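Listed below are the residues making up each chain.
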Amino acid sequence: MRSYIPNLLPTNKSPERLTHKTRLRSFVVIGFIATAASFGFLGIAPWELLLNTEQLERLLTELAAPNFSDWQLVAPLILETLLMALAGTLFGVVLAFPLGFMASEVMGLARPIRLIAKTIIVITRAVPTLVFALIFVRLFGFGPMVGVLALAVSSLGMIGRQFADALDNLPQEICESRAFLGQTRLQFALSNLVPNIIPSVVAIVFYRLEINLRSSSVLGFVGAGGVGILLARDLGQLNYSG
């Protein structure tokens, strides 16, 4: 008579792993259903994009042979767009630097001050750059200065938030060293905090510059300078060939 020996070896299919796979499959199915429902509600037929290749062929043909006849008009506006992005980013860094310190817990400022700084950060992050451009156009008129201000204020929230997070994530011994050194808040920030967040700051600034380069190209739609002015003119005339 054969005796039954239970299998006591661990198996790979643990209940936790099965639950994780089940959740993942559920999310995939729900995402697929939600996407299909959205396409149906909006009247989008994805297969039409594959069947209608005439416009795509025309676009690729024009891209292969660009028209540089208006380069004397376009080149200064492209340069203006790049300078707007650079100036807006740097101005945003100048504004965000003190705001990030005010919002950080490390500085030990009063709670109302931190709350005000965090509120400014939340508001400037929530409002799109184009909306800031519309506001500044209404206040100051047309021109690249408006674009620089819009980019700076829009950058303020993101950079200030990242500054504050970088400060709050510093090691505890650095944050508590002020009590032993007897420094003022400004001395402590410049000598102990700033050197430790420089790598994070550089990465944040370059990332925001990349975002502002894209944003500055459409600010001309509302009269905020840059190459967007030409885009708005051609789109208004339905001139898609340039």
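Residues numbered from 1 in each chain as written. Predicted model: local features only at pLDDT ≥ 70, side-chain atom pairs only at ≥ 80, totals over all residues. Heavy atoms only, no water.

**Description of the nonpolar core**
Then step 1. Residues F101, I159, F163, L167, L193 and I197 are the most contacted members of the largest nonpolar core, which totals 22 residues.
Then step 2. Core analysis: the next-biggest nonpolar cluster, separate from the first, contains 14 residues, V148, A150, L151 and V153 among them. (Core = buried A, V, L, I, M, F, W, Y, C linked by side-chain atoms within 4.5 Å. Buried < 20%, exposed > 50% of the residue type's maximum accessible area, 1.4 Å probe, protein only.)

**Description of the packing of aromatic side chains**
Then step 1. In the structure shown here, the tally under the stated rule is three aromatic pairs.
Then step 2. Taking the centre distance of 5.0 Å and the plane angle of 70° together, the rings of F97 and F101 count as edge-to-face. Separated by four residues within a single helix, F97 and F101 lie in helix 4 (residues 71–103), roughly one turn from each other.
Then step 3. Here F97 falls in the partly exposed class, since its relative accessible area comes to 29%. (Phe/Tyr/Trp six-rings, centres within 6.5 Å; stacked < 30°, edge-to-face > 60°. Helix = DSSP H or I, 4+ residues; strand = E, 2+ residues; numbered from the N terminus.)

**Points about the side chain of T81**
Then step 1. Of note, T81 is situated in helix 4.
Then step 2. A distance of 2.8 Å separates the side chain of T81 from the backbone oxygen of L77, its partner in a polar contact.
Then step 3. Among all residues touching T81, those that are not within four sequence positions of it are S216, S217, G226 and V227. (Polar contact = N/O pair within 3.5 Å; in protein donor to acceptor, adjacent residues only side chain to side chain. Contact = heavy atoms within 4.5 Å.)

**Side note on the environment of G147**
Then step 1. Positionally, G147 belongs in helix 7 (residues 144–168).
Then step 2. The exposure class of G147 is buried, given its relative accessible area of 0%.
Then step 3. The spacing of G147 and F132 is 15 residues in sequence and 8.8 Å in space, taken between C-alpha atoms.
Then step 4. Beyond its immediate sequence surroundings of up to four residues, G147 is in contact with M84, L219 and A224.

**Things to note about a nonpolar patch on the surface**
Then step 1. The grouping of V131, I135, L139, F140 and M145 at the surface amounts to a nonpolar patch, some 490 Å² of accessible area in total.
Then step 2. For the nonpolar patch, the element with the most residues is helix 6 (residues 129–140), which contributes four residues.
Then step 3. Assessed through its relative accessible area of 35%, V131 is described here as partly exposed. (Patch = residues over 30% accessible without salt bridge, like charges linked within 9 Å, V, L, I, M, F, W, Y side chains within 5 Å. Areas by Shrake-Rupley, 256 points an atom, 1.4 Å probe, with all protein chains shown as cover. Salt bridge = Lys/Arg side-chain N within 4 Å of Asp/Glu carboxyl O.)

**Details of the packing of helix 4 against helix 7**
Then step 1. At their nearest, the axes of helix 4 and helix 7 sit 5 Å apart, and the two run at 40° to each other. In terms of orientation, helix 4 and helix 7 fall into the oblique class. Crossing angle aside, the handedness with which helix 4 passes helix 7 is right-handed.
Then step 2. The class makeup of the residues in the contact of helix 4 with helix 7 is 21 nonpolar, seven polar and one charged. (Axes fitted to C-alpha atoms, helices over the stretch in contact; angles between N-to-C directions. Parallel < 35°, antiparallel > 145°, perpendicular 65-115°, else oblique. Left-handed = near helix turned anticlockwise from the far one by under 90°. Nonpolar A, V, L, I, M, F, W, Y, C, P; charged D, E, K, R; others polar.)

**Notes on the pattern of salt bridges**
Then step 1. For the structure on display, the rule yields two salt bridges.
Then step 2. Residue R161 pairs with D165 through a salt bridge whose shortest N-O separation is 3.0 Å. Linking R161 with D165, this pair stays in helix 7, spanning four residues, or about one helical turn.
Then step 3. Note that E210 and R214 form a salt bridge whose closest N and O atoms lie 3.4 Å from each other. With E210 and R214 both in helix 10 (residues 185–216) and four residues apart, the pair spans about one turn of that helix.

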